Protein chains: 2
Amino acid sequence: VSELALIDAIERRLRARGAGMVQGPGDDAAVVRSRALAVTSIDTVAEGVHFERSTHGPRDIGWKALAQALSDLAAMGADGGEAYVSLALPADLDDEAALELVDGMEELAALAEVAIAGGDVVRSPALVVSVAVTGWADDEAELVTRAGASPGELVGVTGELGGSAAGLLVLRARAARGAVPDARPAGCDPAVAAALVRRHLRPEPRLAAGRSLAAAGATAMIDLSDGLATDARHLARRSGVRLELSLSALPLAAGVEAVARAGGRDPAELAVTGGDDYELLFTAPARGRPALEGAAAAAGVPVTWLGHVAAGDGVVLAGEGGRPLEGLAGYEHQ
Amino acid sequence: VSELALIDAIERRLRARGAGMVQGPGDDAAVVRSRALAVTSIDTVAEGVHFERSTHGPRDIGWKALAQALSDLAAMGADGGEAYVSLALPADLDDEAALELVDGMEELAALAEVAIAGGDVVRSPALVVSVAVTGWADDEAELVTRAGASPGELVGVTGELGGSAAGLLVLRARAARGAVPDARPAGCDPAVAAALVRRHLRPEPRLAAGRSLAAAGATAMIDLSDGLATDARHLARRSGVRLELSLSALPLAAGVEAVARAGGRDPAELAVTGGDDYELLFTAPARGRPALEGAAAAAGVPVTWLGHVAAGDGVVLAGEGGRPLEGLAGYEHQ
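Here the structure is a predicted model, which is why all the values come from computation and not from measurement.

Cut-off values and rules
- Residues numbered from 1 in each chain as written.
- Chains lettered and ligands numbered in written order.
- Predicted model: local features only at pLDDT ≥ 70, side-chain atom pairs only at ≥ 80, totals over all residues.
- Heavy atoms only, no water.
- Least-squares fit on C-alpha atoms with pLDDT ≥ 70 in both.
- Contact = heavy atoms within 4.5 Å.
- Buried < 20%, exposed > 50% of the residue type's maximum accessible area, 1.4 Å probe, protein only.
- Helix = DSSP H or I, 4+ residues; strand = E, 2+ residues; numbered from the N terminus.
- Pairing = 2+ DSSP bridges.
- Right-handed = clockwise from strand over helix to strand, strands pointing away.
- Buried area = accessible area lost by both parts, 1.4 Å probe.
- Salt bridge = Lys/Arg side-chain N within 4 Å of Asp/Glu carboxyl O.
- Polar contact = N/O pair within 3.5 Å; in protein donor to acceptor, adjacent residues only side chain to side chain.
- Nonpolar A, V, L, I, M, F, W, Y, C, P; charged D, E, K, R; others polar.
- Lys, Arg positive; Asp, Glu negative; His and termini not counted.
- 1 Å grid on protein atoms, 1.4 Å probe; cavity = no way out; pocket = protein on both sides within 12 Å on 5 of 7 lines; lining within 4 Å.
- Points joined across faces, edges and corners; volume = space filled by probe spheres on them.
- Arc of directions from axis to C-beta.
- Axes fitted to C-alpha atoms, helices over the stretch in contact; angles between N-to-C directions.

Peer 1: What is the right way to read the relation of the copies chain B and chain A from this model?
Peer 2: The relation between the two chain copies is a rotation about an axis coupled with a shift along that axis. Rotating chain B by 180 degrees about the axis while translating it 0.0 Å along that axis superimposes it on chain A, leaving an RMSD of 0.0 Å. Viewed as a symmetry operation, the transformation between the two copies matches a two-fold axis. Comparing contact sets, 100% of the residues at the interface of chain B also lie at the interface in chain A, consistent with an isologous, same-surface contact.

Shown next as structure tokens:
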């Protein structure tokens, strides 16, 4: 199948979505009716770095690439809009797999009410998927950056942590044991393990929660893509503050403790360095606490308060008994 | 140097540009004040497919990646706006080279008055650069798609063709002969060869010409990235028409004939299949001819009329004496 035939097949799998689309895929560029502020991010996943084909099927890769990009819009408090997808495809990935990848992406696009409005398909030595997403807002006051935290504020996080990293450990253990898909992971109930795996393979960007938290008065926000240890540092640095967080407060997903211990890892360390949870870390004045909890609950996610903002810089992650945990390298895709 | 330090160094090399930027690089997403219509495209170049590091330095790669994306905005008649850049960097490309790549891209961004407003840097098995660009328009009537051509109209092209493909032949011949940078290519004056090489390495997207041609009444337009033979077919297909073009009318760049013949290639075949010229192919009613020529001239480029639009489908490229040239496979990055 030629590149053009593949592009045709891809375009047939995409559904128009949203009221603003003037020109979708198939021309030199897409044309979209805008709102006042365009909020745009680009994110890339590469084989061998962000996923392995031994643990991630094509649909998982497509889903993940879009989820990661949309999570940045969630962290701004923007409404999702359109996605533009670049597929750099190696010769050993057949067209059927490329179409499955698009199906996985389109499945999340439908869930997130985002349109895949354009793209590019090229041959490449390695599988690399880039997704640019544009979201929209009507006013700057609707949006939240990483830079607005002030000393004295609280630090909260949505949902549960560590589930994605634990899910990846389960996937890797399965791959090492010979790809028995329902093999029971050590120390963990099979249903719980399946939930962890799903958490890793199908993360749901917190678009609704991001909008709600922004509207309810969050002062700074970031999504947890690289792990709490690293992403909290980004927020602290951009806000010019210090974050003092309690590891004993971490909302660990069910099964994280069992999977971590079975793999010889500390559960809290796994949860703060593991990455790919795509929850939202945010700051807010203490008086805003009920409003923020209510806003997140309305979007279907719980909030956990992890600590507070102080003057200074950096992040302190205090373990049991208040001792700071040293040497958390954070999680960087290298 | 860590990934974060590299990202910091990259951000220091980018200059804000344009009145609409609310939030540039460094947060979860960029925020830009919009105009009525957002025009967006994403394009990718991959090592070994779109460039080789033996013929393309890092600056050339950065320039080319942005040029290719901006050329799509030119073909819509949109104003340039912002670029979002993903760099997937292999371990054998050092940080200095990555920064040079950004410098090459920023150099073109300055020339095109476009801001690099965001990006992503990841490790990857291969060098892959994706660029999403957003341009702007105030009204749908300002924009031109591939779909508006009607039988009876003329087909024109801006600038000169074949220069990029001939420049690549010169570069490859030099690389094969051992990288003597000023080695005289067979059959071609050194100054002419240098111009061809520059044409390949530093293509200038026709943003001003695209806007002018759109305003002057072009009915359909496409940029020549894959070569006239392929791109004319795209336009014909989207418009539901047949393009009848004369190869004897082709505006070959100086030196294309000599370089093609020295390499055993037919000059016209090289020019229509070679790709990467980033000129604009467009259609317009015959009565619009003076206006379109004037519009292009005002943007600093000549127009050559290649033929006309007929009922039917496909593209006929008629050679000397009107015989159609058969078997032009077109140029696809496979």
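Peer 1: Explain the pairing of strand E5 (residues 115-123) of chain B here, please?
Peer 2: The side chains of a regular strand alternate, residue by residue, between the two faces of the sheet. Residue and element names in this part refer to chain B. Counting buried positions along E5 gives 8 out of 9 residues, so the element sits mostly inside the fold. Sheet topology places strand E4 (residues 79-89) next to E5; 8 bridges connect them, and they run parallel. Each bridged residue has a counterpart across the sheet, and for Glu82 the counterpart in E5 is Ala115. In the classification by handedness, the crossover that spans E4, the intervening helix H3 (residues 95-112) and the parallel E5 is right-handed.

Peer 1: For this particular structure, what's the right way to read the interface of chain B and chain A?
Peer 2: It is common to report an interface's size as the accessible area lost on association of the parts. The partner chain A presents 64 residues to the 64 residues of chain B that form the contact. Taking both sides of the interface into account, the surface hidden between chain B and chain A amounts to around 4,900 Å²; carbon and sulfur atoms contribute 53%. On the chain B side of the contact with chain A, Asp28, Thr40 and Ile42 of chain B bury the most area, a combined 14% of that side's loss. Between the two partners, chain B and chain A, sit 10 salt bridges. At the boundary of chain B and chain A, one finds 26 residue pairs in polar contact (both at pLDDT 80 or more). Broken down by element, the residue count for the side of chain B that touches chain A peaks at 9 residues, all from strand E3 (residues 37-46) of chain B. Looking at the side of chain B that touches chain A, its residues break down into 30 nonpolar, 17 polar and 17 charged.

Peer 1: Would you mind going over the side chain of Glu153 of chain B with me for this structure?
Peer 2: Residues and elements named next belong to chain B. Looking at the secondary structure, you find Glu153 in the loop between strand E6 (128-137) and strand E7 (154-158). Despite its burial, Glu153 pairs with no opposite charge, the nearest such side chain being Arg287 at 7.0 Å. For Glu153, the side chain forms a polar contact with the side chain of Thr219, separated by 2.7 Å. Residues in contact with Glu153, not counting those within four places in the same chain, are Gly148, Thr219, Thr283, Ala284, Pro285, His308 and Val309.

Peer 1: I'm lost on empty space enclosed by the protein in this one. Help?
Peer 2: By rolling a water-sized probe across the atoms, one finds the places where empty space is left. Per the counting criterion, the structure on display carries 1 cavity of 30 Å³ or more. Considered as a void within the structure, the largest cavity measures approximately 60 Å³ in volume. Lining the largest cavity are 13 residues, and of these Ala38, Thr40 and Thr134 of chain A together with Thr134 and Trp136 of chain B lie nearest its centre. Elements that contribute at least two residues to the lining of the largest cavity include exactly strand E3 (37-46), strand E4 (79-89) and strand E6 (128-137) of chain A together with E3, E4 and E6 of chain B. Of the residues assigned to the lining of the largest cavity, the class counts are 7 nonpolar, 4 polar and 2 charged.

Peer 1: Just checking my understanding: could you explain helix H1 (residues 3-13) of chain A for this structure?
Peer 2: Residues separated by three or four positions in an α-helix point in the same direction, a consequence of the helix having 3.6 residues per turn. Residue and element names in this part refer to chain A. Looking at H1, one finds that the buried residues are Glu3, Leu6, Ala9 and Ile10. For H1, the angular spread of buried residues about the axis comes to 125 degrees, placing them on one side. On the buried face of H1, the contacting elements are E4, helix H3 (95-112) and strand E5 (115-123).

Peer 1: In this structure, what is going on with the sheet that holds strand E10 (residues 280-284) of chain A? I would like to understand it.
Peer 2: Strand-to-strand pairing in sheets goes through backbone hydrogen bonds, with the strands running parallel or antiparallel. Residues and elements named next belong to chain A. What the 6 strands build is an open sheet, ordered E8-E10-E7-E11-E9-E12; its pairing is mixed. Strands at the two margins of the open sheet, each flanked by one partner only, are strand E8 (220-223) and strand E12 (314-318). Geometrically, the sheet is characterised by an average inter-axis angle of 25 degrees between neighbouring strands, direction not taken into account. Where strand E7 (residues 154-158) lies against E10, 4 bridges are found, and the strand directions are antiparallel. Among the inter-strand pairings, Val157 is bridged to a residue of E10, identified as Leu281. Where helix H2 (residues 58-76) meets the sheet, its contacts fall on E8 and E10, and the angle it forms with E8 comes to roughly 170 degrees. Each of E8, strand E9 (242-246), E10, strand E11 (303-310) and E12 touches helix H7 (residues 228-239); the most contacted strand, E8, lies at about 150 degrees to it.

Peer 1: How do you make sense of unusual backbone geometry when you look at a structure like this?
Peer 2: As a rule of thumb, non-glycine residues mostly have phi less than zero, and peptide bonds are mostly trans rather than cis. Residues and elements named next belong to chain B. One non-glycine residue, Glu113, lies in the positive phi region at around 55 degrees. Inspection of the secondary structure assignment puts Glu113 in the loop between H3 and E5. Note on Glu113: relative accessible area 61%, which makes it exposed. Although it is not a glycine, Asp276 sits at a positive phi angle of roughly 65 degrees. Topologically, Asp276 is positioned in the loop between helix H9 (267-273) and strand E10 (280-284).

Peer 1: Would you mind going over the pattern of salt bridges with me for this structure?
Peer 2: Pairing between side chains becomes possible if they bear opposite charge and their charged atoms approach one another. Within this structure, the stated rule accounts for 48 salt bridges over all chains. Between Asp8 of chain B and Arg237 of chain A there is a salt bridge, and its shortest N-O distance comes to 2.6 Å. Within this pair, whereas Asp8 of chain B is found in helix H1 (residues 3-13), its partner Arg237 of chain A is found in helix H7, the two belonging to separate chains. Note that Arg59 of chain B and Asp103 of chain B form a salt bridge whose closest N and O atoms lie 3.7 Å from each other. In this pair, Arg59 of chain B is assigned in helix H2 (residues 58-76) and Asp103 of chain B in helix H3, connecting sequence segments 44 residues apart. Using a relative accessible area of 34% as the deciding quantity, one classes Arg59 of chain B as partly exposed. By sharing partners, the salt bridges in this structure join Asp27 and Asp28 of chain A together with Arg146 and Arg238 of chain B into a single network.

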